[in-house]
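For reference, the chains in residue letters:
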4 protein chains.
Amino acid sequence: MVIVMASRKKEDIDNVVKKVEELGYKAHLIEGVERTVIAAIGDERGKHRLQSLESLPHVERVFPILKSFKLAGRETTMEDTIIPVGQHAIGGKQFVVMAGPCSVESRDQIMECAHAVKEAGAHVLRGGAYKPRTSPYSFQGMAEEGLKLLKEASEKYDMPFITEVMTPEQMPLVCEYADILQIGARNMQNYGLLMAAGRTRKPVFLKRGMMSTINEWLMSAEYVMSEGNRQVMMCERGIRTFETETRNTFDLSAVPVVRKLSHLPIIADPSHGTGLWEYVSPMAKASVVAGAHGLMIEVHPKPSEAFSDGAQSLKPERFAQLMDEIRPLVELTGRTLEPTSAAATARGR
Amino acid sequence: MVIVMASRKKEDIDNVVKKVEELGYKAHLIEGVERTVIAAIGDERGKHRLQSLESLPHVERVFPILKSFKLAGRETTMEDTIIPVGQHAIGGKQFVVMAGPCSVESRDQIMECAHAVKEAGAHVLRGGAYKPRTSPYSFQGMAEEGLKLLKEASEKYDMPFITEVMTPEQMPLVCEYADILQIGARNMQNYGLLMAAGRTRKPVFLKRGMMSTINEWLMSAEYVMSEGNRQVMMCERGIRTFETETRNTFDLSAVPVVRKLSHLPIIADPSHGTGLWEYVSPMAKASVVAGAHGLMIEVHPKPSEAFSDGAQSLKPERFAQLMDEIRPLVELTGRTLEPTSAAATARGR
Amino acid sequence: MVIVMASRKKEDIDNVVKKVEELGYKAHLIEGVERTVIAAIGDERGKHRLQSLESLPHVERVFPILKSFKLAGRETTMEDTIIPVGQHAIGGKQFVVMAGPCSVESRDQIMECAHAVKEAGAHVLRGGAYKPRTSPYSFQGMAEEGLKLLKEASEKYDMPFITEVMTPEQMPLVCEYADILQIGARNMQNYGLLMAAGRTRKPVFLKRGMMSTINEWLMSAEYVMSEGNRQVMMCERGIRTFETETRNTFDLSAVPVVRKLSHLPIIADPSHGTGLWEYVSPMAKASVVAGAHGLMIEVHPKPSEAFSDGAQSLKPERFAQLMDEIRPLVELTGRTLEPTSAAATARGR
Amino acid sequence: MVIVMASRKKEDIDNVVKKVEELGYKAHLIEGVERTVIAAIGDERGKHRLQSLESLPHVERVFPILKSFKLAGRETTMEDTIIPVGQHAIGGKQFVVMAGPCSVESRDQIMECAHAVKEAGAHVLRGGAYKPRTSPYSFQGMAEEGLKLLKEASEKYDMPFITEVMTPEQMPLVCEYADILQIGARNMQNYGLLMAAGRTRKPVFLKRGMMSTINEWLMSAEYVMSEGNRQVMMCERGIRTFETETRNTFDLSAVPVVRKLSHLPIIADPSHGTGLWEYVSPMAKASVVAGAHGLMIEVHPKPSEAFSDGAQSLKPERFAQLMDEIRPLVELTGRTLEPTSAAATARGR
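Residues numbered from 1 in each chain as written. Chains lettered and ligands numbered in written order. Predicted model: local features only at pLDDT ≥ 70, side-chain atom pairs only at ≥ 80, totals over all residues. Heavy atoms only, no water.

J.: Tell me about the nonpolar core, residues and numbers included.
T.: Residues F319(A), F319(B), F319(C) and F319(D) are the most contacted members of the largest nonpolar core, which totals 332 residues. Contacts of F319(C), omitting those with residues within four sequence positions, involve V97(C), A99(C), V117(C), A120(C), A122(C), I297(C), V299(C) and L314(C). (Core = buried A, V, L, I, M, F, W, Y, C linked by side-chain atoms within 4.5 Å. Buried < 20%, exposed > 50% of the residue type's maximum accessible area, 1.4 Å probe, protein only. Contact = heavy atoms within 4.5 Å.)

What follows is the structure in structure tokens.
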């Protein structure tokens, strides 16, 4: 922590030094040309208390030196985390594609959709049974019935499935069915939910909040991990800005940033990232090349009749075409769309 | 809902008209100079399904005409909602001040704080027993012990108290103690929590999410209200922008906007809004004049030793000075700091 | 400047220390528990070159200690700058109101408007002769003809006037007529224009860019001042965020922030800040109380027929009512709406 | 233009209809279930005047149907614009790479740099002679001396060059030397400068403003084009958001959006887009795949000694490696890094 003093009087400085030492840090003085700076040396885990020193009258600013995440960071774990899901492994050489509708709407719809995405080469089925909707009057999902349909489709087409869990109460039920637990963007800082996910043994798919910095997002992964579950994957899905041509601003640079700061896998979701089906394919391909470990894509047999997110859903034939287009890019970046032995290896650990 | 066509071909238009009618709306065509527009006439509650029409190839854009909130809006309820809390009434002639520390840290701290804010003229005690923290390693609050201390302080100093509830599971316990339930900014779209609050009979204090539009914020109030609890008050506490001189950008214009769109009371929180104690007093005073129904202010006996949010906490003597400064402003705007008979009246309904 | 090292190897650190010293700074090492930090001691004026050290492989981050403005800051000039304009003085005890239409549209319109705002008690007339418009097909202003009409109105109603200058070429002509030069939000970082304004002897009214931090805005004032013109006043007019209920997000906290960091006067423009006439009055009153030195308000005799910005313009009668409402607030904050002797004094310096 | 009424009274509606007709539009009424909507039919070029109707008391909202750009849009020009620059052609099958230092710092530096980027396969040399800097105390560029050095390097290495022009006054001089005129992000709405560029016959490279919507950016292209110069290319270089891990948020989705809305070429600048050299290569590659027509990359022989933007500059060897990496991606997307006959063709028109 670095404390910039507004005053250069000895008594003001001594007073801050004393406070720093009382909080268990060593104080180190640097006399600059125009400012005196106090470096507080020690583990900054307790730094939020140091931050309170900003309220002292002669302190101009207090800023931290260290990133605040530990388990999620490269410093404690150099090697990339690889997460096995069925015969697949996320975070390694296999490039993993998750696809399916925004919401499960009926048995026919999810079966048709699962069939189509499987045929096209997707690895994991996605579909929402519990839907966080801005309006209480919108379709809220089929709940357990949706989970059962997802399970049925998953078994029939031999694809693990991912679905969103919205409350700690839903956790046990969703865990009974799902292969991957999705934490939605609006719940990225729902700490009770994060901790509940951290107490399960299911892989967690953590969407970035639309209002969240990459640092805060990794801190939310830290919440899950600090409860004992290290199988967290990150998902960039766009942030909120002033631009309105796209539904969100897809922050694709987050892919290389997360890969630098963290060992966790990072998946790109250009469906939410752009919000319009016409932009999904170019941004999906860009995501492969930028270094993402996988994609999440919304696919619906009849987008114009979707209960939710129709505007950003691909039709099955467009999705199949996208799969064809990403294959050479995946290979060019030294990866593969086929399951590798990494899943078995990762499971063996 | 207004649908802007990209094509002017009869068959493309007929196709969209058919879809609109299938969803239960009446379609109305407008031939402009360069565009054909289709107005879908009907209650837009189901509008999220209409939005999916954007995925049709010849549709350029779909946009809604109506605000999506109902219960929270002025259209269903013209008259301002007044919420009784103890001998006070929020939303009417009384200007209500809520003050106290960010977190309850110890018996001494909360007692000293309650004493000080009561002396200065505050009406409601605030204090966090459950703390949503960005880091799992930061102080997470004193939990039930904190609730007991708040209750004790509340009774000793005859002030109702407000405290944050973070999960549906905490709801029954918090309801046993607290007079007002606070939903924090990070949980503004935690729909499970909103619905749980909607099933209690306690007043709900709904903080605006830091990346939430005013429309989404009112939709979150709608979630609470649609479960049966109409006693919701809104709290502007700053939004996230690119500016870094302040912790958040305090969107004070939200006060007149909410007053125009909604009948719910609106409280201003300049402590979180600015994040620095030096800016709290001017912005608190500005809030009174802009039309807020009350203030929430963080006060701590020793800000530099606070477990959280020290930098934005006022010392008791500064808070007392602020109360002196707002009194004439409250009066000038036709209101009062004293309890009025409105509380009794409101309770009587 | 503080340099956070990613490496703790002696040779990596020595390498950075050498670079720091080559740039003319003294290097000071701090060994933390997890990081080594190098403080570069010296005047940071050349800091943009130090920032390039971030490209060295073992450097994690470089951050500045000092604010980058000098002339605009409190450190070189403690005392508030007071700027005389006609019989008025901006930045001192007099609270100054500037009002008028967005654009000069005709002789009748500007005369009617000037008469109305003078009657209501405004001090300075505003009106655009050169209009920066998003579209090349929108009304671009009456140019010199507009300046002449402003001058005529200004003389008839004995009010100095302010108008926008958009290019260095317009500067001499605008200086012939205008009492205050307005630099618009879109030109806040048009450095050629800032320097041209800095070479005149007219007061400069510097609007905040919609994309600009307070720090960058003060750096733009620094551009004007570094050319010799110290008579700069700042104008907060809203920044761009994701919120769409208001045209911009009026960052009223910028008022106390600028007053803390700088000695320059700060004016609030709630017309652009909110973009809707209904919100102008409450936010104008809030601005007085937050500590602004004055207001800029758009007034138009027939807002619905305005060539530009009609939606945010007050009718003359509403403006008169606003003047009545701010008077007690001005007085309560120890100021006055009448010209004081400060103008004479300021001119005497 | 669509006008949503707040009132359903006949006289209020008649009044608005009358205003709409006075402005030269045909009014068309739509009676919805809860709202009356008035469609104003006619060319919306004058729409900024219609927008003023929002100030009428019974009008809730006014919103436009049409995009406001014409010359820059796909509707007037379906076919992609191809801009010849020397033996190269931007906007067609050739993928064009522009590279060089942020600023020209010395003869040696620009020569070394030009040599290196030419060797690696870049097509156009970039370098700043006039630098828009946040601080008046930072290095402001070598001015005409810099232009001469760029010309010399350009001739020696047979590469056209691009450089920024900051004021209308500099235009004639810069036009004497440069092959492409760059308008910087801070000047994107400096309309005097845009119009001056529109009166030249040089290709214009228009950077997106950091807080500008895609619509406003295309409107700025419209300013240049409406003066007669149709050779405009767009450059996405990141927008300002709350995220701080990157210098800007690189809005790569703007590439497919601009390609959909406009026929103008779109270039990606991942150096400014990310602000850190480590992220430049992945985002450059992603840009190729997302559909950009070219890249602008900052390259400096010694980034840690750069006068500006060192942190985001690639070393020559890294740039050469990037060129090797993008070649297969360019080919995979059906394009080429070699000059094609399109340049000759385009010139022939």
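J.: Give a detailed account of helix 3 (residues 107–120) of chain B, specifying residues and quantitative values.
T.: All names here are of chain B. For helix 3, built from 14 residues, the straight-helix expectation of 20 Å at 1.5 Å per residue is met to within 8% by its first-to-last C-alpha distance of 20 Å. Every buried residue belonging to helix 3 is among Q109, I110, M111, C113, A114, A116, V117 and A120, and all of these are buried. On the buried face of helix 3, the contacting elements are strand 7 (96–100), strand 8 (124–126), helix 4 (144–156) and helix 11 (316–332). (Helix = DSSP H or I, 4+ residues; strand = E, 2+ residues; numbered from the N terminus. Expected span 1.5 Å × (residues − 1).)

J.: I'd like to hear about the relation of the copies chain A and chain C, residue by residue, with values.
T.: At an RMSD of 0.0 Å, chain A and chain C line up after a rotation of 180 degrees and a shift of 0.0 Å along the axis. Such a combination of rotation and displacement between the chain copies is what one expects of a two-fold axis. Taking the C-alpha atom as reference, chain A places F242(A) closest to the rotation axis, 2.3 Å from it. Mapped onto chain C, 100% of the interface residues of chain A again fall at the interface, so both copies present the same surface. (Least-squares fit on C-alpha atoms with pLDDT ≥ 70 in both.)

J.: A description of the interface of chain A and chain B should follow, citing residues and the corresponding values.
T.: Tallying the contact residues gives 51 residues for chain A and 51 residues for chain B. Carbon and sulfur atoms make up 53% of the area that chain A and chain B hide from each other, which totals about 4600 Å². Across the contact surface, chain A and chain B share 4 salt bridges. Between K19(A) and E305(B) there is a salt bridge, with the nearest N and O atoms lying 3.2 Å from each other. Where chain A packs against chain B, one counts 30 residue pairs in polar contact (both at pLDDT 80 or more). With 5 residues, helix 7 (residues 214–226) of chain A is the single largest residue contributor to the side of chain A that touches chain B. For the side of chain A that touches chain B, the per-class residue count stands at 19 nonpolar, 19 polar and 13 charged. (Buried area = accessible area lost by both parts, 1.4 Å probe. Salt bridge = Lys/Arg side-chain N within 4 Å of Asp/Glu carboxyl O. Polar contact = N/O pair within 3.5 Å; in protein donor to acceptor, adjacent residues only side chain to side chain. Nonpolar A, V, L, I, M, F, W, Y, C, P; charged D, E, K, R; others polar.)

J.: Quick rundown of the environment of V288(C)? Include the residues and the values.
T.: Residue and element names in this part refer to chain C. With respect to the helices, strands and loops of the structure, V288 is situated in helix 10 (residues 277–290). We classify V288 as buried; its relative accessible area is 0%. Excluding residues within four positions of it along the chain, V288 makes contact with F95, L295, I326, L329, V330, T333 and R335.

J.: Now, about the sheet that holds strand 12 (residues 232–236) of chain B: what can you tell me, with residues and values included?
T.: Residues and elements named next belong to chain B. Strands sit in the order 7-8-9-10-11-12-13-14 around a closed barrel of 8 strands; the barrel is parallel. Neighbour-to-neighbour, the strand axes of this sheet turn through a mean angle of 25 degrees, independent of strand direction. As paired elements, strand 7 and strand 14 (residues 294–298) share 5 bridges and run parallel to each other. Among the inter-strand pairings, G100 is bridged to a residue of strand 14, identified as E298. Seen against the sheet, helix 3 touches strand 7 and strand 8 and runs at an angle of roughly 145 degrees to strand 8. (Pairing = 2+ DSSP bridges. Axes fitted to C-alpha atoms, helices over the stretch in contact; angles between N-to-C directions.)

J.: Would you mind going over the relation of the copies chain A and chain B in detail, with residue names and values included?
T.: For the match of chain A to chain B, the screw axis carries a shift of 0.0 Å, the RMSD comes to 0.1 Å, and the turn is 180 degrees. When the interface residues of chain A are mapped onto chain B, 100% of them are again interface residues, pointing to one common binding face.

J.: So what's going on with helix 6 (residues 191–198) of chain A? Which residues, and what values?
T.: Along helix 6 of chain A, 7 of the 8 residues are buried, which leaves the element largely enclosed by surrounding structure. Taken as a whole, helix 6 of chain A has its buried residues at Y191(A), G192(A), L193(A), L194(A), A196(A), A197(A) and G198(A).

J.: An account of the environment of E317(C) is requested, with residue identities and associated values reported.
T.: Checked against the element boundaries, E317(C) lands in helix 11 (residues 316–332). Along the primary structure E317(C) and V117(C) are separated by 200 residues, whereas in three dimensions their C-alpha atoms are 9.4 Å apart.

J.: Hey, could you go over the interface of chain A and chain C for me, with residue numbers and the actual values?
T.: Listed per partner, the contact involves 25 residues of chain A and 25 residues of chain C. Carbon and sulfur atoms make up 64% of the surface buried where chain A meets chain C, a total of about 2100 Å² over both sides. It is I30(A), E34(A) and I65(A) that lose the most area in chain A upon contact with chain C, and together they represent 24% of the buried surface on that side. On the surface where chain A and chain C come into contact, there are 2 salt bridges. A salt bridge links R35(A) to E75(C); the nearest nitrogen and oxygen atoms lie 2.6 Å apart. The interface formed by chain A and chain C includes 3 residue pairs in polar contact (both at pLDDT 80 or more). Sorting the residues of the side of chain A that touches chain C by element identifies strand 2 (26–31), strand 3 (36–41) and strand 4 (59–63) of chain A as the ones contributing at least two each. Examining the composition of the side of chain A that touches chain C, we find that 4 residues originate from one element, strand 2 of chain A, more than from any other. Class assignment of the residues belonging to the side of chain A that touches chain C gives a composition of 12 nonpolar, 4 polar and 9 charged.

J.: Please give an account of the pairing of strand 2 of chain A that cites residues and values.
T.: Residue and element names in this part refer to chain A. Across 6 bridges, strand 2 lies against strand 3 in antiparallel orientation. Paired with I30 across the bridge in strand 3 is V37. Taking the residues that link successive antiparallel strands as the turn, the strand 2-strand 3 hairpin has 4 residues.

J.: Talk me through the pattern of salt bridges; I want residue IDs and the actual numbers.
T.: By the definition in use, this model includes 80 salt bridges over all chains. For R208(B), the salt bridge is made with E243(C), and the minimal N-O distance between the two is 2.7 Å. Pair noted here: R208(B) is in the loop between strand 11 (204–207) and helix 7 (214–226) and E243(C) is in the loop between strand 12 (232–236) and helix 8 (254–261), and the two residues belong to different chains. Ionic contacts of the salt-bridge type, sharing partners, join the residues R208(A), E236(A), D251(A) and E243(D) into one network.

J.: Give me the sheet that holds strand 10 (residues 180–183) of chain A: which residues, what numbers.
T.: Strand pairing in a sheet is mediated by backbone hydrogen bonds. Such pairs are either parallel or antiparallel. Residues and elements named next belong to chain A. Read around the closed barrel, 8 strands run 7-8-9-10-11-12-13-14, paired in parallel fashion. The mean inter-strand angle of the sheet, taken between neighbouring strand axes irrespective of direction, is 25 degrees. As paired elements, strand 10 and strand 11 (residues 204–207) share 3 bridges and run parallel to each other. Following the sheet pairing, L181 is matched in strand 11 by V204.

J.: How would you sum up the confidence of the model for chain A? Please name residues and give values.
T.: The predicted model of chain A has a mean per-residue pLDDT of 92, with 96% of residues at 70 or higher. Among the prediction metrics, the complex's ipTM stands at 0.92, with pTM recorded as 0.93. (pLDDT = per-residue confidence, 0-100.)

J.: Give a description of the packing of helix 6 (residues 191–198) of chain D against helix 7 (residues 214–226) of chain D that names residues and reports values.
T.: All names here are of chain D. Orientation of helix 6 relative to helix 7, taken along the N-to-C sense of each, is 45 degrees, at an axis distance of 7 Å. Considering the angle they form, helix 6 stands oblique to helix 7. Considering only the axes of helix 6 and helix 7, their crossing is right-handed. Taken together, the residues of helix 7 that come into contact with helix 6 (itself represented by Y191, L194, M195, A197 and G198) are S220, Y223 and V224. Tallied by class, the residues present in the contact of helix 6 with helix 7 amount to 6 nonpolar, 2 polar and no charged. (Parallel < 35°, antiparallel > 145°, perpendicular 65-115°, else oblique. Left-handed = near helix turned anticlockwise from the far one by under 90°.)

J.: Before we move on, can you summarise the pairing of strand 11 (residues 204–207) of chain C with the specific residues and values?
T.: All names here are of chain C. Along strand 11, one buried face is formed by V204 and L206 and the opposite face, lined by F205 and K207, is buried too. In terms of handedness, the path from strand 10 (residues 180–183) via helix 6 (residues 191–198) over to strand 11 forms a crossover that is right-handed. Relative to strand 12, strand 11 runs parallel, the two being bridged by 4 bridges. Bridging from a neighbouring strand, K207 pairs with C235 of strand 12. Read as a crossover between parallel neighbours, the route from strand 11 over helix 7 (residues 214–226) to strand 12 is right-handed. (Right-handed = clockwise from strand over helix to strand, strands pointing away.)

J.: Mind laying out the packing of helix 8 (residues 254–261) of chain B against helix 10 of chain C, listing which residues take part and the relevant values?
T.: Describing two packed helices takes the angle between their axes plus the distance from one axis to the other. It is at 9 Å that the axes of helix 8 of chain B and helix 10 of chain C come closest, and there the two elements cross at 135 degrees. Looking at the two axes, helix 8 of chain B sits oblique to helix 10 of chain C. Of the two possible hands of crossing, helix 8 of chain B and helix 10 of chain C adopt the one that is right-handed. In this structure, helix 8 of chain B contributes P256(B), V257(B) and K260(B) to the contact, and helix 10 of chain C contributes E278(C), Y279(C), P282(C) and M283(C). Broken down by class, the residue content of the contact of helix 8 of chain B with helix 10 of chain C amounts to 5 nonpolar, no polar and 2 charged.

J.: Would you mind going over the state of the cysteines in detail, with residue names and values included?
T.: Residues and elements named next belong to chain A. The final tally for this structure, using the stated rule, is 0 disulfides over all chains. C175 forms no disulfide, and the closest cysteine sulfur to it belongs to C235, at a distance of 19 Å. Considering cysteine sulfurs only, C102 is the nearest to C235, which forms no disulfide, with 13 Å between them. By relative accessible area, which is 0% here, C235 ends up buried. (Disulfide = S-S within 2.5 Å.)

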